[in-house]
Amino acid sequence: MSIAGAGAGAALPTRLAAYAKVNLCLFVGEPREDGRHELVTVFESVDLADELLIVESGSGRDEVVCPRVPGPNLVESALAGLREVGWAAAPLRVEIAKRIPIAAGLGGGSADAAALLRFAPRLAPVSPGALTALAARLGSDVPSQLDPGPTAGTGAGDLIRLLADPGEHAFLIIPQAFGLSTADVYRAFDTRGRGRSRTELLAVDVAIETAATGPGWTLPPALTVNELQAAALTLRPELARALTAARQAGSERAIVCGSGPTVIGLFWGPDAWPRAQAGAAEVAEPYPGAVAVRPRRRGVGPGAANR
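Residues numbered from 1 in each chain as written. Predicted model: local features only at pLDDT ≥ 70, side-chain atom pairs only at ≥ 80, totals over all residues. Heavy atoms only, no water.

J.: Is there a simple way to explain the overall build of the protein in this structure?
T.: For the protein, the helix and strand inventory stands at eight helices and 10 strands. Taken over 307 residues, the protein has a buried fraction of 51%. Put simply, the protein shows about 13000 Å² of open surface, and 54% of that area lies on carbon and sulfur atoms. In the protein, 29 positive and 31 negative side-chain charges are present, and the distance between their average locations comes to 2 Å. (Helix = DSSP H or I, 4+ residues; strand = E, 2+ residues; numbered from the N terminus. Buried < 20%, exposed > 50% of the residue type's maximum accessible area, 1.4 Å probe, protein only. Areas by Shrake-Rupley, 256 points an atom, 1.4 Å probe, with all protein chains shown as cover. Lys, Arg positive; Asp, Glu negative; His and termini not counted. Charge placed at Lys NZ, Arg CZ, Asp CG, Glu CD.)

See the structure below:
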């Protein structure tokens, strides 16, 4: 896996984009001994992003400031983990401007941590292996964000393979006024029955690998599924209205994203972007936070166009 900017020098202050992720699909297996579930998923990064401002710390120690998220966060854990493996950059102050909804299934905390890890080699040497191991330790969503772009995930979502860029598409993001605990959603999932067996998950992974081969691929409706959705609806039945709104706004598929509660509408085709924009305008009254977003193509630098 490539780490953007590895080996290059970097001057401070620096602003980093931390991209939200969406799950095009999420198939769930049985709980493992470590309490996580086996998964098969496809992630994409989108151009909805938090911003990290990194400056030298005036206190002689690492500091993380995130006004909208009081208390410890994954960026603090990422900095501590880097120090544990001998990363010798000067103490940093990281200020996080949150634009990704919190507790929304969009991986905002993971995106922030991954953005810092991507940048770390530009300040002081750290091996790619150490970064990858630290990302996996921080959370199952973090490894896929070390190289943002279309990615398939297995294991607990942390065993990843990079995918070619899919065909033209865009998303309608419908955030909710409430959050959902990932742990609560998985508990609700477990009360509904058993997850898929390893054999079933392997079959799904093979189907995804077949569908997502070569540039310009699309994911068929049979694979555009979130198996946590029913559990999320059990906890928050009002999500059904948001799913209906996304479908009525013209999306080909509407699903809950990750553990929720954000709902995404998926638009495929060369006119996907204007249709997603029109969809966001259509649902703006009941869902004022709704927004159209583009997927982030792999290898596109900060500030560059997606094409």
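Here the narrative resumes, following the displayed structure.
J.: How should the confidence of the model for the protein be read in this particular structure?
T.: Low-pLDDT stretches of the model should not have their predicted coordinates read in fine detail. Confidence in the prediction of the protein, expressed as mean pLDDT, is 91, and 94% of residues score 70 or more. In this model residues 1-8 is a low-confidence stretch, pLDDT under 50, and it forms 17 contacts with partners more than four residues away in sequence or in other chains. Taken as a whole, residues 300-307 scores under 50 in pLDDT and shows 11 contacts with residues more than four places along the chain or in a different chain. (pLDDT = per-residue confidence, 0-100. Contact = heavy atoms within 4.5 Å.)

J.: How should the pattern of salt bridges be read in this particular structure?
T.: A side chain with one charge can pair with a side chain of the opposite charge if their charged atoms come near. Under the defined criterion, the tally for this structure stands at 18 salt bridges. Across the salt bridge formed by arginine 198 and glutamate 38, the nearest N and O atoms sit 3.8 Å from each other. Taken together, the residues arginine 198 in helix H5 (residues 198-211) and glutamate 38 in strand E2 (residues 37-56) connect sequence positions 160 residues apart. Taking relative accessible area as the criterion, arginine 198 reaches 62% and is therefore assigned exposed. Overall, glutamate 38 belongs to the buried group, its relative accessible area being 13%. Through salt bridges with shared partners, a single ionic network connects Arg32, Asp34, Glu38 and Arg198. (Salt bridge = Lys/Arg side-chain N within 4 Å of Asp/Glu carboxyl O.)

J.: Which parts of the structure should I look at to understand the environment of leucine 223?
T.: Position of leucine 223 among the secondary structure elements: in the loop between H5 and helix H6 (229-235). In the structure, leucine 223 is positioned 104 residues away from phenylalanine 119 in sequence and 34 Å away in space, judged by C-alpha atoms. Once you skip the residues sitting within four places of it in the chain, leucine 223 turns out to touch Leu24, Cys25, Phe27, Ala207, Ile208 and Ala211.

J.: In this structure, what is going on with the packing of aromatic side chains? I would like to understand it.
T.: What describes a pair of aromatic rings is the distance from one ring centre to the other and the angle between the planes of the rings. For the structure on display, the rule yields zero aromatic pairs. Sitting over the ring of phenylalanine 178, arginine 236 keeps its end group 3.9 Å from the ring centre. (Phe/Tyr/Trp six-rings, centres within 6.5 Å; stacked < 30°, edge-to-face > 60°. Lys NZ or Arg CZ within 6 Å of the ring centre and 35° of its normal.)

J.: I tried to follow the pairing of strand E9 (residues 263-268) on my own but got confused; where do I start?
T.: Moving residue by residue along a regular strand, the side chains alternate between the two faces of the sheet. Within E9, six of the six residues are buried, which leaves the element mostly enclosed by the surrounding structure. The side-chain alternation of E9 yields two buried faces, one formed by Val263, Gly265 and Phe267 and the other by Ile264, Leu266 and Trp268. With six bridges joining them, strand E7 (residues 169-174) and E9 adopt antiparallel strand pairing. When the bridges of E9 are listed, isoleucine 174 appears paired with valine 263. Alignment of strand E8 (residues 253-256) against E9, held across four bridges, turns out to be antiparallel. By the bridge assignment for E9, alanine 254 is matched with glycine 265. Hairpin connection between E8 and E9: a loop of six residues separates the two successive antiparallel strands, and glycine 258 in this loop has a positive phi of roughly 60°. (Pairing = 2+ DSSP bridges.)

J.: How should the side chain of arginine 118 be read in this particular structure?
T.: Mapped onto the elements, arginine 118 comes out in helix H2 (residues 108-119). Summary of buried charges: arginine 118 has no salt-bridge partner, and the nearest side chain of opposite charge, aspartate 147, is 7.2 Å away.

J.: Please clarify how the sheet that holds E8 should be interpreted in this entry.
T.: Two strands in a sheet stick together by hydrogen bonds in their backbones, pointing the same way (parallel) or opposite ways (antiparallel). Taken together, four strands build an open sheet; the order of strands is E8-E9-E7-E10 and the sheet is antiparallel. Looking at which strands have only one partner, the edges of the open sheet turn out to be E8 and strand E10 (291-293). Averaged over all pairs of adjacent strands, the angle between strand axes in this sheet comes to 25°, irrespective of strand direction. Against the sheet, helix H7 (residues 239-248) engages E7, E8 and E9, with an angle of about 155° to E8. Packed onto the sheet, helix H8 (residues 272-282) meets E7, E9 and E10 and runs at close to 15° relative to E7. (Axes fitted to C-alpha atoms, helices over the stretch in contact; angles between N-to-C directions.)

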